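Listed here are the chains, written in short residue letters.
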Amino acid sequence: MNWLIAILQTVLFVALAPLLAGFLKFCKCRLQNRKAPSLLQPYRDLLKLTRKQPVISEDASWLFCLAPYIIFSSMVLAATVVPLIAVDLPTSASADVIVLVGFFAFARFFIALAGLDIGTAFGGMGSSREMTISSLAEPAMLMAVFTLTMTASTTNLSGAIGHVLNEGLILRPSFVFALFALILVAIAETGRIPVDNPTTHLELTMIHEAMILEYSGRHLALIEWASQLKFMLYGVLIANIFFPWGIAESFGLSALGYGLLVIVGKLIFLCIFLAFAETAVAKMRLFRVQEYLGFAYLLGLLGMLSHIILESTR
Amino acid sequence: MNIESQDFYTQAILSMSALVGLTSFLMLGQGRLLRLIFVFAVQGLLLTLTTSLAAYSLDNPHLYISAVLTFALKVVFIPWMLHKQVLAMNMHRDVEALKNNTAVMLSGASLMVFSYYVLQPIIHTSSMIMLNALAVSLSVVLLGLMLMISHRQAVAHVVGFMSIENGLFFAAIVATNGMPMVVELGVAFDVLVAAILFGIFFLHIRTSIDSLDVDLMNKLHEVDK
């Protein structure tokens, strides 16, 4: 039964990710006074791409064809670890938060390799940029996550969320810092606006798009789906770590339904917030990204320090 | 002491003190004047929130008045005035290249450690909360001094001065549940007068050395060299 719910949760993750991306696009369009495409448009795009024949360059190696599958499956594996509607699932007990970061790193490694594989200028440029950003973003994310795990004294995500949930409402200075750090990292890692612009193919600014420029057909569909999944993973992480109230602790039908309703509400709120932020902020220069991520790291570090100094037992 | 065992008021005060400390650090590393003024206003807002929180949970109505004063002066009036002056003197586009930014930030961090060290003996006489909140407010004072030393623009000096006052105010709210009303009114009035006087000083400095960069004052001599 528990395994069934775990599988159901992962399927929900995979199925809802394009909808979330569609909703974010909807919010942004409405804020910019444009007519929004249908919420189902990402699904239609994915369907259209899977029907098309992939065009593969002559110089591509086996790695290029294999990479989309690896990236997508590592994202699905990451989705099994993150609690969406219920805690204490058997899959989330098997891997902790460091493994989750590892899954992200694994997918990123292969997407960067795939970008380099074809040997075009854009792919290499995109890969080098992606690796630069991720090398700065990863420590910041780990720092933010360690603040949580030090508080809960477990690195298991589900255990940590359960700990926060059972403690009731406690204002922790360290969590405020960790929340801001994680939001900044999530924006950088999912390629949202101040760092990367997901809607443009302007050669000077693109990072993620540069790496996947050569992909088409079902390969492109898988990569797009994986990045939508990654976006949803970060959203759920932020929502469930810092505002875990409402997540199901028992596996009754009503508890699960309530959990689903609550997480949908939290994600809608997060999307609206993100859409506002993206509409108000301009994309920054590539060379200022390190300042931005340095700030995220500083926040993570401050969270850790304030956990030690302000909240410790002495 | 464990944060889980504290009441909600204490947790909130601790969170506030952490955020106030963060805004001080942000001001220290900020090269753009308008953003510096904005962060200063945010710090003022945090102080207002702390004051109203203290007023609510300690049931001390006169603190509401001081919260309103703080809001009016430090969130609205002074930032607005500085903002207007920066725009009027056309300095909003200059980015002040901070010399040895890393060294400044590091010494800021060591100042924070220093304030903890200095206040360590206080544990014997009062709670841990007091130590944390007082250490943060002392470090806000020291970081304000640091800001005045490290920046060259006169506007940044004024912001540093005001943030020193913020640190003292925070200590007063947290440690002694607010000063007597007379003292608070006096201090608020002093801050207001200081802000206006600084405005006049800006004008004079600008007319005499044609810039607000105080490093240029080193070139002023009685006799020509």
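Predicted model only: the values in this text are computed from it and were never measured. (Residues numbered from 1 in each chain as written. Chains lettered and ligands numbered in written order. Predicted model: local features only at pLDDT ≥ 70, side-chain atom pairs only at ≥ 80, totals over all residues.)

Let us look at the overall build of chain B. Summing up its helical and strand segments, chain B has seven helices and zero strands in all. When the helices and strands of chain B are placed in sequence order, the string is α-α-α-α-α-α-α. If one aligns the C-alpha atoms of chain B with their principal axes, the spans along those axes are about 65 × 35 × 30 Å. Counting the 225 residues in chain B, one finds 40% classified as buried. (Helix = DSSP H or I, 4+ residues; strand = E, 2+ residues; numbered from the N terminus. Buried ≥ 20, exposed ≤ 12 C-beta atoms within 10 Å, placed from the backbone.)

Regions with low pLDDT should not have their predicted coordinates read in detail. Residue and element names in this part refer to chain B. In the predicted model, chain B carries a mean pLDDT of 84, and the fraction of residues at 70 or more is 96%. Mean pLDDT values over the elements of chain B span from 83, in helix α7 (residues 181-209), up to 91, in helix α2 (residues 33-58). With a pTM of 0.87, the predicted complex shows an ipTM of 0.77. (pLDDT = per-residue confidence, 0-100.)

Quick look at α2(B) now. If you check α2(B), its first and last C-alpha atoms are 37 Å apart, about what 26 residues at 1.5 Å a residue would give, namely 38 Å. Where α2(B) ends, the next residue or the one after it, B:D59, has phi of about 55°, a positive value. (Expected span 1.5 Å × (residues − 1).)

Residues and elements named next belong to chain B. Among the structural elements, Y116 can be located in helix α4 (residues 101-119). According to the C-beta neighbour criterion, Y116 is partly exposed, with 17 such atoms within 10 Å. Taking C-alpha positions, Y116 is 7.7 Å from N132, a pair spaced 16 residues apart along the chain.

The next thing to look at is the nonpolar core. A:L20, A:V82, A:A140, A:A181, A:L182, A:V185 and B:V159 are the most contacted members of the largest nonpolar core, which has 153 residues in total. Ranked by residue count, the leading element in this core is helix α10 (residues 217-242) of chain A, at 16 residues. Once residues within four sequence positions are removed from consideration, A:A140 is found in contact with A:A181, A:V185, A:L293, A:A296, A:Y297 and A:G300. (Core = buried A, V, L, I, M, F, W, Y, C linked by C-beta atoms within 7 Å. Contact = placed C-beta atoms within 7 Å.)

Our next topic: the interface of chain A and chain B. Each partner contributes residues to the interface: chain A has 13 residues there, and chain B has 13 residues. Secondary structure elements with two or more residues in the side of chain A that touches chain B: α8 (173-189) and α12 (289-310) of chain A. Looking at the side of chain A that touches chain B element by element, the count peaks at four residues for α12(A). Among the residues making up the side of chain A that touches chain B, the classes are represented as seven nonpolar, two polar and four charged. (Nonpolar A, V, L, I, M, F, W, Y, C, P; charged D, E, K, R; others polar.)

Turning to the environment of B:Y9, a few remarks are in order. Residues and elements named next belong to chain B. Checked against the element boundaries, Y9 lands in helix α1 (residues 8-28). Y9 sits in the partly exposed class, given 15 other C-beta atoms within 10 Å. Spatially, the C-alpha atom of Y9 lies 9.2 Å from that of L58, the residues being 49 residues apart in sequence. Setting aside its immediate chain neighbours within four residues, Y9 contacts L53 and S57.

What follows is about α4(B). Residues and elements named next belong to chain B. A rise of 1.5 Å per residue sets the reference length of α4, with its 19 residues, at 27 Å; its end C-alpha atoms lie 27 Å apart and thus fit the reference within 8%. Regarding α4, the residues found buried are G108, L111, M112 and S115. Relative to the axis of α4, the buried residues are bounded by an arc of 100° and lie together on one face. Exposed positions of α4 whose direction lies more than 90 degrees from the buried face are T102, A103, L106, S110, V113 and Y117. (Arc of directions from axis to C-beta.)

Residues and elements named next belong to chain B. Here α1 crosses α2 at 165°, and the two axes come no closer than 9 Å. With respect to α2, the element α1 is oriented roughly antiparallel. Between α1 and α2 lies a crossing whose hand is left-handed. From α1, Y9, A12, I13, M16, L19, V20, T23, L26 and M27 reach across to α2, where they touch L36, V39, F40, V42, Q43, L46, L49, T50, L53 and S57. A class-by-class count of the residues in the contact of α1 with α2 yields 15 nonpolar, four polar and no charged. (Axes fitted to C-alpha atoms, helices over the stretch in contact; angles between N-to-C directions. Parallel < 35°, antiparallel > 145°, perpendicular 65-115°, else oblique. Left-handed = near helix turned anticlockwise from the far one by under 90°.)

All names here are of chain B. The geometry of α2 relative to helix α6 (residues 154-176) is characterised by a closest axis approach of 11 Å and an angle of 15° between their N-to-C directions. As summarised for this structure, α2 and α6 are arranged roughly parallel, according to the angle between their axes. Judged by the sense of rotation from one axis to the other, the crossing of α2 with α6 is left-handed. Along its contact with α2, which presents L33, L36, I37, F40, Q43, G44, L47, T50, T51 and A54, the element α6 presents V155, A156, V159, M162, S163, N166, F169, F170 and I173.

The next thing to look at is the environment of B:M16. Counting through the fold element by element, B:M16 comes out in helix α1. A sequence separation of 30 residues divides B:M16 from B:L46, and the C-alpha atoms of the two residues are 6.8 Å apart.

With that settled, consider unusual backbone geometry. All names here are of chain A. In the Ramachandran plot, N33 falls in the positive-phi region, its phi being about 60° despite a non-glycine side chain. As for its position among the elements, N33 is in the loop between α1 (2-31) and α2 (41-51). A positive phi angle, close to 45°, is found at S153, a residue other than glycine. Structurally, the position occupied by S153 is in the loop between α6 (121-152) and α7 (157-167).

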